[in-house]
Amino acid sequence: VEDTLLLKTLANYAFNEKYSAALGTELMRERFGSGWGMNPADFRMGESAGTTPGFIAPSTLILNGPDSNSNGLSGTKYYVGDGWSTNTYSFLGETNLRFHRLLNVIVSGRTDKNSYSQLAFSPRVAAVSDFEQYGIAKLIWQKSVRLNTATQLYLEHAAGQSSAPETLKGMELIYDSPTLRHASVTASTYYNNIRVLGWNPALATTGPLGDLSLWGVDLEGKYETEKVTVGINHSYTKQLDWTLIPGVPSAGVSYADYNRSVGSGVLYTGTGNHLNNWANNVTKLYSIVKVTPRLTLFNDARVFWGMAGAKDGLTMVRNGVNASTTLSDSDKQKINSDIDSILGHGGYGADFRLDMSVSYQVLKPLSVQVFVMNLLGNNDNKRYAYEGGISAIGPQRVNWIEEPRVYGMKVDYKF
């Protein structure tokens, strides 16, 4: 159980109409321990402390004491009694400098320091240009630093180390058009470079995995009147490069860089250049129609246009299996047949969903909404589980949940 106490303060000051600033601080006190009313011996933390049959014993466990229930799992154990506490100190600030309508500069940043972490500094600079009847443009540079999990911060501190954070550096250019005949357009493009934190299979812990660079574009159009609002959005995200750090053989971020032996002479190596667990192209559409002052119709739809990164994983498996000199021809044929079956049933293909709702204002304080989720969809409304990488001979970790059609009603009464 985690208990958190957060104290924060923020001060704003305007020097004049053009220049203003803000400063703030935060103090967060966190305590981790056994749950209220629970047996302290049952307290156990550790990111690899699973009990799934066949799961490799974890390298680290956080327990109440030597008599704790560790379910027979072996590995390094840290005893913390009734728990431990940490403090996180944060300082944040922002200045808004309106030099000219074509040059409004916003400089902001924050620092975070946990009892067991390195100092994390996240700065951001934005330049905003108002072209009046021609729209508004924004250019943004930022560095975002995210601390590791509380469990991993403690474990590395106990081992005499300081946990490395996840770091994102990015640039973004945004353009907002003026509204013309009830219509407007927003367009943006961005580039990000990320030192990714995640599950390290070699060390059985959470830590740095590799360096990811990607870029993307986002386009949105909107038409709005008093009675009708219609919007459409399309985003495209493309991985530029994914490189594992030394000592990490594989990660579920992407199959572009992979070097993992899965036994019986099968080696999985880098394939493709796409993000895993992500659709490169996503389209969304929504509409709000006020049929009468009391009756409103709403619908939203979205399409994931296939998951190229996950398909890279299937190609990697096929290549590794076919290149094996130890697998029998019958085993190869079965695995290839499994992959063909997954693709033949629309695995990692396009995914379409449509939701709708109807709202009616019965009285001024009373409104009723009836909604349907997954009213329409393709591919049996499959929602794919997160794929953390392939570590078995064959595509044994392809799984999904079929989301049902859901009907609901919501009643609001304000007084």
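Residues numbered from 1 in each chain as written. Predicted model: local features only at pLDDT ≥ 70, side-chain atom pairs only at ≥ 80, totals over all residues. Heavy atoms only, no water.

S.K.: Just checking my understanding: could you explain helix 2 (residues 308–323) for this structure?
M.R.: Every α-helix carries 3.6 residues per turn, so stepping three or four residues along brings you back to the same face. With 16 residues, helix 2 extends 22 Å between its outermost C-alpha atoms, agreeing within 8% with the 22 Å of an ideal straight helix rising 1.5 Å per residue. Taken as a whole, helix 2 has its buried residues at Gly309, Ala310, Asp312, Gly313, Leu314, Met316, Val317, Gly320 and Val321. Looking at the packing, one finds that the buried side of helix 2 touches strand 15 (267–269) and helix 3 (329–344). (Helix = DSSP H or I, 4+ residues; strand = E, 2+ residues; numbered from the N terminus. Expected span 1.5 Å × (residues − 1). Buried < 20%, exposed > 50% of the residue type's maximum accessible area, 1.4 Å probe, protein only. Contact = heavy atoms within 4.5 Å.)

S.K.: Would you mind showing me how to read unusual backbone geometry here?
M.R.: Phi is mostly negative for residues that are not glycine, and the peptide bonds are mostly trans. A positive phi angle, close to 60°, is found at Asn374, a residue other than glycine. Positionally, Asn374 belongs in strand 19 (residues 366–377). In this model, Asn381 sits at a positive phi of 55°, which is unusual for a non-glycine residue.

S.K.: I keep staring at the pattern of salt bridges and nothing clicks. Help me out?
M.R.: For side chains bearing opposite charge, pairing can occur when the charged atoms are close. If you walk through the whole model with that rule in mind, you get 16 salt bridges. One salt bridge connects Glu132 with Arg101, and the closest N-O pair in it is separated by 3.7 Å. With a gap of 31 residues between them, Glu132 in the loop between strand 8 (120–130) and strand 9 (136–146) and Arg101 in the loop between strand 6 (84–100) and strand 7 (103–114) connect regions that are remote in the sequence. On the basis of relative accessibility, which here comes to 46%, the residue Glu132 falls in the partly exposed class. Residue Lys334 pairs with Asp338 through a salt bridge whose shortest N-O separation is 3.3 Å. Pair noted here: Lys334 and Asp338 are both in helix 3, with a separation of four residues, about one helical turn. (Salt bridge = Lys/Arg side-chain N within 4 Å of Asp/Glu carboxyl O.)

S.K.: Can you help me understand the packing of helix 2 against helix 3 in this one?
M.R.: For any two helices packed against each other, the geometry comes down to the angle between their axes and how far apart the axes lie. Interaxial distance between helix 2 and helix 3 falls to 10 Å at its minimum, and their mutual angle equals 165°. When the interaxial angle is binned, helix 2 and helix 3 end up roughly antiparallel. Along this stretch, helix 2 crosses helix 3, giving a crossing that reads as left-handed. Between helix 2, through Lys311, Leu314, Val317, Arg318, Val321 and Asn322, and helix 3, the contact on the second element is made entirely by Lys332, Ile335, Asn336, Ile339, Asp340, Ile342 and Leu343. In the contact of helix 2 with helix 3, the residues fall into seven nonpolar, two polar and four charged. (Axes fitted to C-alpha atoms, helices over the stretch in contact; angles between N-to-C directions. Parallel < 35°, antiparallel > 145°, perpendicular 65-115°, else oblique. Left-handed = near helix turned anticlockwise from the far one by under 90°. Nonpolar A, V, L, I, M, F, W, Y, C, P; charged D, E, K, R; others polar.)

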